[in-house]
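The chain contents come next:
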Amino acid sequence: TARKSDIVFRYGGDEFLIVLTNSDCDTAAAMVQRILDGVEDWNKNNSGTFGCKLSFSVGCSTYEKGSDVLETLKEADARMYQNKKEKKHERN
């Protein structure tokens, strides 16, 4: 799903980061949609076999040259938790 120029790594216990190089919000949105589609396909084809479904929450932030990388990460993290919270409300 990621491009060769992107960097994918584990950031925490169950958190992963994908750093999109030379991209914009449209590129990020397209990647998120590809991941969502992949998770949906996996759930459709495998959730019965494994007895569980995959899910994930997304937070996106854009790093501007000269800005604070940690602040960019904090912004993405806050958005991810907001997305997670919204999904919990949808299920209830």
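For the structure, see preceding data.
The shown structure was predicted, so the numbers you read here are calculated from the model rather than taken from an experiment. (Residues numbered from 1 in each chain as written. Predicted model: local features only at pLDDT ≥ 70, side-chain atom pairs only at ≥ 80, totals over all residues. Heavy atoms only, no water.)

A.B. asks: Which parts of the structure should I look at to understand the overall build of the chain?
C.D. replies: Counting its regular elements, the chain contains two helices and two strands. For the chain, the α and β elements follow one another from N to C terminus as β-β-α-α. For the chain, the C-alpha atoms occupy an extent of roughly 50 × 30 × 25 Å along the three principal directions. Taken across its 92 residues, the chain has 14% of its residues classed as buried. Looking at the chain alone, contacts between residues at least 24 apart form 31% of all its contacts between residues at least 6 apart. As displayed, the chain has an accessible area near 7300 Å², and 53% of this comes from carbon and sulfur atoms. Of the side-chain charges in the chain, 14 are positive and 15 negative, and the distance between the mean point of each set is 5 Å. (Helix = DSSP H or I, 4+ residues; strand = E, 2+ residues; numbered from the N terminus. Buried < 20%, exposed > 50% of the residue type's maximum accessible area, 1.4 Å probe, protein only. Contact = heavy atoms within 4.5 Å. Areas by Shrake-Rupley, 256 points an atom, 1.4 Å probe, with all protein chains shown as cover. Lys, Arg positive; Asp, Glu negative; His and termini not counted. Charge placed at Lys NZ, Arg CZ, Asp CG, Glu CD.)

A.B. asks: Just checking my understanding: could you explain the environment of Y63 for this structure?
C.D. replies: Along the chain, the position of Y63 falls in the loop between α1 (25–50) and α2 (69–91). Separated by 30 residues in the primary sequence, Y63 and Q33 place their C-alpha atoms 21 Å from one another. Residues contacting Y63, with those up to four places away along its chain left out, are D68, V69 and T72. Engagement of the side chain of Y63 in a polar contact is seen with the backbone oxygen of S67, the distance being 3.5 Å. (Polar contact = N/O pair within 3.5 Å; in protein donor to acceptor, adjacent residues only side chain to side chain.)

A.B. asks: Help me out: how do you make sense of the pairing of strand β2 (residues 16–19) in this one?
C.D. replies: A regular strand carries its side chains on alternate faces of the sheet. Relative to β2, strand β1 (residues 7–10) runs antiparallel, the two being bridged by four bridges. For R10, the partnering residue across the bridge sits in β2 and is F16. What sits between β1 and β2 in their antiparallel hairpin is a turn of five residues. (Pairing = 2+ DSSP bridges.)

A.B. asks: Looking at this structure, how should I read unusual backbone geometry?
C.D. replies: Backbone geometry follows two general trends: most residues other than glycine have a negative phi, and most peptide bonds adopt the trans configuration. A positive phi is found at N22, a non-glycine position, where the angle reads about 45 degrees. Within the secondary structure, N22 is located in the loop between β2 and α1. What makes N22 exposed here is its relative accessible area of 79%.

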